[in-house]
There are 2 protein chains.
Amino acid sequence: MIHPELATLLCFLTTDAKVDPDLLQQALQKAIDISFNMVSIDGDTSPNDTVLLLANGLAHNEAIHSGSRSGEKFEQALIEVCLSLAKQIARDGEGATKLIEVTVEGALTWGDARVAARSIAASSLVKAAVHGSDPNWGRVISALGQSKAEIDPSRIDLYLGELCLFSGGHPLLFDKAKAILILSQDEVPIKLCLNLGPEKATAWGCDLSEEYVTINSTYTT
Amino acid sequence: MIHPELATLLCFLTTDAKVDPDLLQQALQKAIDISFNMVSIDGDTSPNDTVLLLANGLAHNEAIHSGSRSGEKFEQALIEVCLSLAKQIARDGEGATKLIEVTVEGALTWGDARVAARSIAASSLVKAAVHGSDPNWGRVISALGQSKAEIDPSRIDLYLGELCLFSGGHPLLFDKAKAILILSQDEVPIKLCLNLGPEKATAWGCDLSEEYVTINSTYTT
């Protein structure tokens, strides 16, 4: 129930650092956009999404401001924490047995990269294929097309880990046993190179298992 | 794999009637918009969607034109056929045991009504709840909110068949046994009255079963 914004989860981030409130807000928004807002469990949202960042200043450091070196370090640390939590959320999806990490590179715009990565990570058919360790590249390409991101089919390269399954608009003859091995891992990395521009985004999801259905069909209000 | 446009299905409609080609195209578009384009199995599309309407004129009738009484009758008949086929598609979804019919009434715009009905029919959580015959009105309201359709929560009424579960922004005490009985039917009718305007739309989907996952995770390319 976590998509496309964080849902049914209250996330509290705390730090002893003394940080300028403007930087706090701006750093949190940036971190959320590439972490919590790039997670999908099943395409469903809930009404109570909250991420709070509290800085109490107990460290008595010199206040950290935007644009400074310490500001950048703070932002980077916050991103690391948010990414770690976001990936834990995806991995912890109902009935999930695997974390799926979808990276889309070479997009024309950041918006295209985001929407493409999220569309693939949220596709029921992609998630079911990953559950069954089926290297079904067609479902990935199809979910990409469905995203409405700008693409040129003849320029797409698709990788499972380091294994290229599809290049320049054509499926390749690949080592299926190796593909199944990658799909059987705890973390399944899917990468698409659109070869159209400089933008990149990563989204996370989980496989779709029979247990997901059991959990969500027997839950009673 | 059928959403939001018809997917992986080639649909051929034929008639012996002699019909003006403009009317054919216009009637088909209208019929498709409220039938095939309102069906979702799992939120995934495919690249080969086709609905063709062929009229060979063998009936040797006077040509049917737009705006005439016979034109209206032809349009109505075409809509009936398309609706019947669209519902059969939803009912025939992988692993489906039930047809879900979601009607949204009282929307401000037709676009709002359509997007709201489709969002609910396509929600994995709603579909899993229907599978388990769980009268989980919260998931329906949540999928409605997620659709971005214009709503006023305090004016929403939600019905399962004739049974009102939620009215004026509040859940009601309802007969749970009766709700479960309705949810156990072959066809599960869900109706939302937004009480904001005159527009209405209906979407169809199916429940999400463990078998859906089994079918789609063991399918191999």
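Before reading on, note that the structure itself is shown above.
Source: prediction; values computed, not measured.

Chemist: Any chance you could explain the overall build of chain A here in plain terms?
Modeler: For chain A, the count of helices and strands is seven helices and eight strands. In terms of principal-axis extent, the alpha carbons of chain A reach across some 60 × 45 × 30 Å. When the 221 residues of chain A are sorted by exposure, 50% land in the buried category. Intrachain contacts of chain A at a sequence separation of at least 6 include 81% that bridge at least 24 residues. Accessible area for chain A stands at about 10100 Å²; split by element, carbon and sulfur atoms hold 55% of it. Computed over 17 positive and 29 negative side-chain charges, the inter-centroid distance for chain A is 4 Å.

Chemist: Got a minute to help me understand the interface of chain B and chain A in this structure?
Modeler: Accessible area lost upon the coming together of the parts serves often as the stated size of an interface. Contacts between the two partners involve 32 residues from chain B, matched on the other side by 32 residues from chain A. When the two sides are added together, the surface that chain B and chain A hide from each other amounts to roughly 2700 Å², 47% of it contributed by carbon and sulfur. Linking chain B with chain A are zero salt bridges, by the criterion used here. Those elements that place two or more of their residues in the side of chain B that touches chain A are α4 (124-131), α5 (137-146) and α7 (210-218) of chain B. When residues in the side of chain B that touches chain A are grouped by element, the largest group, six residues, is from α7 of chain B. Residues of the side of chain B that touches chain A, tallied by class, amount to nine nonpolar, 17 polar and six charged.

Chemist: How should I be thinking about the side chain of Asn216 of chain A in this particular structure?
Modeler: Relative to the assigned elements, Asn216 of chain A resides in helix α7 (residues 210-218). For Asn216 of chain A, a relative accessible area of 4% gives the class buried. Within polar-contact distance, the side chain of Asn216 of chain A engages the side chain of Glu94 of chain A at 3.4 Å. Among residues more than four places away in sequence, those in contact with Asn216 of chain A are Glu94 of chain A together with Leu125, Ala128, Ala129 and Arg139 of chain B.

About the cut-offs
- Residues numbered from 1 in each chain as written.
- Chains lettered and ligands numbered in written order.
- Predicted model: local features only at pLDDT ≥ 70, side-chain atom pairs only at ≥ 80, totals over all residues.
- Heavy atoms only, no water.
- Helix = DSSP H or I, 4+ residues; strand = E, 2+ residues; numbered from the N terminus.
- Buried < 20%, exposed > 50% of the residue type's maximum accessible area, 1.4 Å probe, protein only.
- Contact = heavy atoms within 4.5 Å.
- Areas by Shrake-Rupley, 256 points an atom, 1.4 Å probe, with all protein chains shown as cover.
- Lys, Arg positive; Asp, Glu negative; His and termini not counted.
- Charge placed at Lys NZ, Arg CZ, Asp CG, Glu CD.
- Buried area = accessible area lost by both parts, 1.4 Å probe.
- Salt bridge = Lys/Arg side-chain N within 4 Å of Asp/Glu carboxyl O.
- Nonpolar A, V, L, I, M, F, W, Y, C, P; charged D, E, K, R; others polar.
- Polar contact = N/O pair within 3.5 Å; in protein donor to acceptor, adjacent residues only side chain to side chain.

Any link to function would need more than the numbers given here.
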